[in-house]
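# Secondary and tertiary structure notes
Residues per chain, in single letters:
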There are 4 protein chains.
Amino acid sequence: MSSWGNAVKISIFGESHGNGIGVVIDGLPSGEKLNMEQIYLQMSRRAPGKDKAATPRLEKDFPEILSGVLNDTTTGAPLCAVIRNTNTRSQDYGNLLTKPRPAHADYTGYVRYQGCNDIRGGGHFSGRLTAPMVFAGAVCRQILERRNIRIAAHIASVGNISDQRFDGVNIPDELIDRLSSAVFGLIDPSAEPTMRRLIEDCRKNGDSIGGTIECAIVGMPVGVGSPMFYGVENVISSIVFGVPAVKGIEFGAGFAAAEMRGSQNNDEFYYDGNIVKTRTNRHGGILGGISSGMPIIFRTAMKPTPSVSIPQNTVDLSTHTDTTLEIHGRHDPCIVVRAVPVIESAAAIAAINLLAEVHKL
Amino acid sequence: MSSWGNAVKISIFGESHGNGIGVVIDGLPSGEKLNMEQIYLQMSRRAPGKDKAATPRLEKDFPEILSGVLNDTTTGAPLCAVIRNTNTRSQDYGNLLTKPRPAHADYTGYVRYQGCNDIRGGGHFSGRLTAPMVFAGAVCRQILERRNIRIAAHIASVGNISDQRFDGVNIPDELIDRLSSAVFGLIDPSAEPTMRRLIEDCRKNGDSIGGTIECAIVGMPVGVGSPMFYGVENVISSIVFGVPAVKGIEFGAGFAAAEMRGSQNNDEFYYDGNIVKTRTNRHGGILGGISSGMPIIFRTAMKPTPSVSIPQNTVDLSTHTDTTLEIHGRHDPCIVVRAVPVIESAAAIAAINLLAEVHKL
Amino acid sequence: MSSWGNAVKISIFGESHGNGIGVVIDGLPSGEKLNMEQIYLQMSRRAPGKDKAATPRLEKDFPEILSGVLNDTTTGAPLCAVIRNTNTRSQDYGNLLTKPRPAHADYTGYVRYQGCNDIRGGGHFSGRLTAPMVFAGAVCRQILERRNIRIAAHIASVGNISDQRFDGVNIPDELIDRLSSAVFGLIDPSAEPTMRRLIEDCRKNGDSIGGTIECAIVGMPVGVGSPMFYGVENVISSIVFGVPAVKGIEFGAGFAAAEMRGSQNNDEFYYDGNIVKTRTNRHGGILGGISSGMPIIFRTAMKPTPSVSIPQNTVDLSTHTDTTLEIHGRHDPCIVVRAVPVIESAAAIAAINLLAEVHKL
Amino acid sequence: MSSWGNAVKISIFGESHGNGIGVVIDGLPSGEKLNMEQIYLQMSRRAPGKDKAATPRLEKDFPEILSGVLNDTTTGAPLCAVIRNTNTRSQDYGNLLTKPRPAHADYTGYVRYQGCNDIRGGGHFSGRLTAPMVFAGAVCRQILERRNIRIAAHIASVGNISDQRFDGVNIPDELIDRLSSAVFGLIDPSAEPTMRRLIEDCRKNGDSIGGTIECAIVGMPVGVGSPMFYGVENVISSIVFGVPAVKGIEFGAGFAAAEMRGSQNNDEFYYDGNIVKTRTNRHGGILGGISSGMPIIFRTAMKPTPSVSIPQNTVDLSTHTDTTLEIHGRHDPCIVVRAVPVIESAAAIAAINLLAEVHKL
């Protein structure tokens, strides 16, 4: 299913080489002014070939809004945004999958849809489908900002090269400003050249590299989320795994907490004026599934782009024999960079639904 | 929300010191014979104080089935199972929270429910609420076994002591048999003494220790799960984070994939007779959210039990001042051991819903 | 599915002759004081044999609350209430359906559940399952009353004997008080003797009779409900058809509107002080799926009780031949009387979910 | 919410005078061939001004399919179809509602969306939004026909002029063929002139008239639907009330059953060869919420079009005073005619979801 959400539902549609892709967002509050430049900015952060670009403006891929917005303000009716594909379908195209690419959804999609799914460019599994998610996220985060909730993510690592981690108890506004508009977002920009060299090395070798993204939701009020199955972790993870290449997620100390003692992992409470805070934030802003008022922090593991130009072994589904495959064409050697605004967007859509559940939207 | 699922919905209820706890399972297929001894066995694996026990039988905590089963066979109507609490409510109990315990849900629950939640023994946040989840899981896994789908988990690590990992391409039935009935489940039992010493050391020091659990779903047919938001990862993670103390989840190579190159991480396809398989299983049996036919493998990070007897700093919510807290009583120094069948149960409930979506239940 | 609701979910379980029946209500606001006498009262209105009773107290069928309530106040955790069955299962019972009763769910349930459903006393299809719905409704209506929303229904007709209709623009509090505690609720009590004579006549003849129930939700604020599929009509009808014997529902003028001209049916707006009202209420308090602030009014058609003692033709499923059937035992000749509080309860559960959607709960 | 469905979800978007309207259908089975001419035909039956038209082809309003279809075959990915509006938004438009039209959603929408909803042409409440529903229905009914399930509806009445009713035990294929492609669908065509005269009379007088629609779903297998809240009646009514102007629904004998005795209303079973049937169909093909194998039959009450040109009293929301209103322009004096394919479409979308629940899709 490509639909997600309760109070605010998104329904994403499209295939890489079909007529168009887009999203319907149902349940948005009415009367929310949308800053279209901000939406442009977010979408351009995800757009291919934007990494070094000077202008945040991206005409080609900007969605047309078909409904739900009047005078740049949400009407409360479902908002539909469509991005046309320029790579439109050719009539003589066979759509015949013979050699599934390793680590892609070719084989599993083939079985799931009995060979009928559109395989051109990955079809509905294409990373291109994250564009409407970024659009939806850009809409949601404007609504969240108006409620003093801000979201920022950064490239936490590329291969074995790491950025700093968020200081979980103090994430300054300037850092959020900087990261949430960055194309190669790092807390410590000094890691950039090393990361770029690693990525460039992979590209030259026809290979790719994985990485991690760390995301913070700052300003979430205390008491959001419900125990058991509508906890903050459940809700965020259930949308974040919708981002291609995500193979893991951890909140707060996450897997590191599994090696700690309770005396090391517990975060002590204290009063900062009238506000209850914790002196450390290994709990990632979530206790018992419910927000604590501290920044919500999570990290995602992104596998390396499966498209590598090195010859690989695979099968031939038409002849039922083993074979080899060479993938041609240019591919992103490190999807992590462009995935940063996608993860932020997933977090924003999750956050708006969590707020609605407790009537704080 | 303590309800989860689409085709097969579970609704868990109860508080640690209320009259009873239990679960309603709605949407089970009719005509499924239930082996009650097997349910006893699974529940006893989770029960406190069972670790060294000789008998799998546990009368006290065994649920009464109120509905949905006739002659040990599911009727298709909702199955409700209730476990009475023996620690029943005292009339004069104040239910007043003053000092929230660090890393517990005391503070967040207090805000979420405006001080009205039952705090005795953790109330609805108590680990005791995993008992009905194990019951539901034990029912579901019997139905899955009849469809040749089996589930097993083990203690992958306690602190820095690790068990072996599953061999992702070959998980023998005997291993599944052994693990799915074990109380201290390990692939390599030689790790047990060291793990026990570490846990005992924590107990003596009034401290606790975290760990990880690795779980495998074997026999899931190819083509289960849907792209984007109803992928196998989304569905499993959205229920697994309902298990207390889980702070992270990873599928297949997970976070390790984030350090790999594509050429290292991609799993090559080959024909094993007429069946498409992969020679390695870094994808954890899931590509594009859809099962590949290889074992589905995931690991969860469990934080250390928050209840430590060492004095901790916290706040006094009645006086709005900082204070200290000493937690008395006996607590499980390592929740990982008893959480193994809970994780298996979450996996079973997820699996049955995933199968139903593609009409394979 | 016996689960319903979004913000406040109910999950009803049980079979007529199983161990027990009940309901889990998940998502109730915390801190809501429950008046148990009021819950007794509502349940006794539905209870069999209560029609002429002097006392509203009914010990036998009163549910035990297992969770979600502490000191008579909701904790915010799922509320589970259980009613034990005294007619418990006999071990030697065959559960074999051979002659499906006309107009009952015997045949359809047999096919749906492949002969595995508990057929004793109707099993999960039994009218007895409306008891937990009345419990849930009684809880919800107390919460609604605290928000000045009140619900009352009456026997609008039995066979061809009619009560008055609600005056859609003026439903006084005293009428609501009277109806919402009545056992044979009529706006105009003078219809009672005639109705009773008709019912008695049916009973004597081993027959039964249908009727209609009219229900009003008074005090619902303007602007509740959403266009298309979460309109007030959609939500109410989707739960009301869960009440056995309901075969139709109409809002406001309903089917009568289908014979009117627009000039007759349209309700004109006017200002009553600062409040926009309509002078008539043929729209039933709903325009475009959204509440108008006028009383929400709907009527349900209840078919006659299918259990009649007159011999009927049916089939023998074991021999695949036509046969005849005589149903013995005492049956309610007119289910309408006892269904009144059930319809009110469905309306209350619907209303609480509608309010939550627009953050007015 | 403008989203509906579980296994097959529709998400309808658009406003009457926005850029476009459409629908996303998520969860369709893959590999379903779509006959585009049949979709044209269904959409033209609903299109304005088509009543007397000779050609079923309607270019202007035909949707562009953006995704989910390749070589006229469903891919399994979400199908998005968009219809452009030619009446696009003017920049200087004020969107200011002052005089809400009686019986329209103007006032309730104004409060619901705090004056931000697009009111031009009814906005999201416009009857124009039924076009995407007919598109979705046309897709679903082709899939249903392949499973031998057919749907047809007819104008059961206009004002007090009635057509015949369906013979509930025998609905011949030729009748279904004729009705499901008719523009003014009647079982007995002799009623047409009288109905047309009544409609014409209303038009001349600036008035409108209501009516009823009867719909049959033929070929639904036995055992579809679930007790309580996912019964066939619940599911159908929850979508049918999404069709503008519907104010009532009844299944089988419906409100007439409320005047019957059990001995009159019960439908007797018999064997027709090996198939269990009923000799009459007052149960409307549904017992206990579950299909009986007999035709599923329901009727909806449609209120008269609220737009009448006769002067009406209303309020002025800007001055808080009472006022009068004259509605100009051409309006459909009887919406029933064009609503017939919309009701059929709602039934088709409901049916496909009901089938999926029991794995019969």
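The residue count restarts for each chain, going from 1 along the sequence in the order it is written. Whichever chain is written first is A, and whichever ligand is written first is 1; the rest continue in order. Given that the model is predicted, a residue must reach a pLDDT of at least 70 before its local features are reported, and side-chain atom pairs must reach 80 or more before they are shown or counted; all residues, however, enter totals for whole chains, interfaces and linings. Excluding hydrogens and water, the side-chain figures rest on all heavy atoms present in the structure.

Quick look at the relation of the copies chain D and chain C now. Superposing copies: least-squares fit, C-alpha atoms only, residues required to have pLDDT of at least 70 in both. Overlay of chain D on chain C (RMSD 0.0 Å): rotation 180°, translation along the axis 0.0 Å. Viewed as a symmetry operation, the transformation between the two copies matches a two-fold axis.

Here the second copy of the chain follows from the first by a rotation about an axis and a shift along it. Overlaying chain A on chain B yields an RMSD of 0.0 Å, the required transformation being a rotation through 180° with an accompanying axial translation of 0.0 Å. Throughout, a residue-residue contact means that at least one pair of heavy atoms, one from each residue, lies within 4.5 Å. Residue by residue, 100% of the interface of chain A is reproduced at the interface of chain B, so both copies engage with the same surface.

Okay, the sheet that holds strand E16 (residues 296–302) of chain B next. DSSP-based pairing: two strands are paired if at least 2 bridges between them are found. Numbering of helices and strands runs from the N terminus, with a helix taken as a DSSP run of H or I at least four residues long and a strand as a DSSP run of E at least two residues long. The antiparallel open sheet is built from 10 strands, whose spatial order is E9(A)-E8(A)-E10(A)-E16(A)-E11(A)-E11(B)-E16(B)-E10(B)-E8(B)-E9(B). On the outer flanks of this sheet lie strand E9 (161–162) of chain A together with strand E9 (161–162) of chain B, each paired with one strand and no other. Summarising the sheet, strand E10 (residues 211–218) of chain B and E16 of chain B pair through seven bridges and their orientation is antiparallel. Looking at E16 of chain B, one finds that Glu214 of chain B is bridged to Arg299 of chain B. For helices, the fitted axis covers only the stretch in contact; all axes are lines through C-alpha atoms, and the angles between them, taken along N-to-C directions, range from 0 to 180 degrees. The sheet contacts of helix H6 (residues 232–240) of chain A involve strand E10 (211–218), strand E11 (246–251) and strand E16 (296–302) of chain A together with strand E11 (246–251) of chain B, and relative to E11 of chain A the element is tilted by about 160°.

Turning next to the interface of chain D and chain C. Residue-level contacts link 102 residues of chain D with 102 residues of chain C. What counts as buried area is the accessible surface, traced by a 1.4 Å probe, that two parts surrender upon association, with contributions from both included. Both sides together, the interface formed by chain D and chain C hides about 7900 Å², and carbon and sulfur atoms give 61% of it. Between Lys or Arg on one side and Asp or Glu on the other, a salt bridge is scored when a side-chain nitrogen of the former is within 4 Å of a carboxyl oxygen of the latter. Seen at the junction of chain D and chain C, the total is six salt bridges. Two N or O atoms form a polar contact when they lie within 3.5 Å of each other; inside protein one atom must be a possible hydrogen donor and the other a possible acceptor, and for residues adjacent in sequence the pair counts only when both atoms belong to side chains. The interface formed by chain D and chain C contains 46 residue pairs in polar contact (both at pLDDT 80 or more). Of all the elements, strand E11 (residues 246–251) of chain D adds the most residues to the side of chain D that touches chain C, at six residues. Only Asp, Glu, Lys and Arg are considered charged in this grouping, and only Ala, Val, Leu, Ile, Met, Phe, Trp, Tyr, Cys and Pro are considered nonpolar; every other residue, Gly among them, is considered polar. Here the side of chain D that touches chain C is composed, by residue class, of 47 nonpolar, 38 polar and 17 charged.

Turning to the side chain of Thr73 of chain A, a few remarks are in order. Residues and elements named next belong to chain A. The residue Thr73 is located in strand E6 (residues 73–74) in this model. Here the term buried applies to any residue with accessible area under 20% of the maximum for its type, exposed to any over 50%, and partly exposed to those in between, with areas from a 1.4 Å probe on protein chains only. The class for Thr73 is buried, based on a relative accessible area of 16%. Not counting residues up to four positions away in its chain, the partners in contact with Thr73 are Gly31, Glu32, Lys33 and Gly68.

Okay, the packing of aromatic side chains next. Each Phe, Tyr or Trp ring (for Trp, its six-membered ring) is paired with any other whose centre lies within 6.5 Å, and the angle between the two planes then decides the class: stacked below 30 degrees, edge-to-face above 60, tilted in between. One pass over the full model with this rule turns up 18 aromatic pairs over all chains. Between Tyr40 of chain B and Phe62 of chain B, the ring centres sit 4.1 Å apart and the planes meet at 45°, which makes this aromatic pair tilted. One end of the pair, Tyr40 of chain B, is in helix H1 (residues 36–46); the other, Phe62 of chain B, is in the loop between H1 and strand E4 (64–67), with 22 residues separating them in the sequence. The pair Tyr40 of chain B / Phe62 of chain B is uniform in exposure class, with both members buried. Pairwise contacts between aromatic rings join Phe241 of chain A together with Phe251 and Phe298 of chain B into one cluster. The rule is short: NZ of Lys or CZ of Arg within 6 Å of the ring centre and within 35 degrees of the ring normal puts a charge over the ring. One Lys or Arg, Arg279 of chain A, reaches over the ring of Tyr270 of chain A and ends 4.0 Å from the middle of that ring.

Turning next to the environment of Cys334 of chain A. All names here are of chain A. Along the chain, Cys334 falls in the loop between strand E18 (321–325) and helix H8 (336–357). Each C-alpha atom, one on Cys334 and one on Asp207, is 9.3 Å from the other, the two residues being 127 residues apart in sequence. In this structure, Cys334 is in contact with Val158, Ile199, Ile209, Gly210 and Thr305, ignoring residues within four places of it in sequence.

As a further point, take the packing of helix H6 (residues 232–240) of chain C against helix H6 (residues 232–240) of chain D. Axis separation between H6 of chain C and H6 of chain D bottoms out at 8 Å; the angle between their running directions is 175°. If you check the angle between H6 of chain C and H6 of chain D, you find them roughly antiparallel. The residues of H6 of chain D that touch H6 of chain C, namely those facing Asn234, Ser237, Ser238 and Ile239 of chain C, are Asn234, Ser237, Ser238 and Ile239 of chain D. Taken together, the residues of the contact of H6 of chain C with H6 of chain D sort by class into two nonpolar, six polar and no charged. Angular relationships are summarised with four words: roughly parallel below 35 degrees, roughly antiparallel beyond 145, roughly perpendicular across 65 to 115, and oblique for the angles in between.

Attention now moves to the sheet that holds strand E1 (residues 3–4) of chain D. All names here are of chain D. An order of E1-E2-E3-E7-E4 is seen for the five strands of this open sheet, with the pairing classed as antiparallel. The open sheet has two edge strands, E1 and strand E4 (64–67), and neither has a second partner. Relative to strand E2 (residues 9–14), E1 runs antiparallel, the two being bridged by two bridges. Opposite Ser3, over in E2, you have Ser11 as the bridge partner. Set on the sheet, helix H3 (residues 130–145) makes contact with E2, strand E3 (20–26), E4 and strand E7 (79–84); between it and E3 the angle comes to about 30°.

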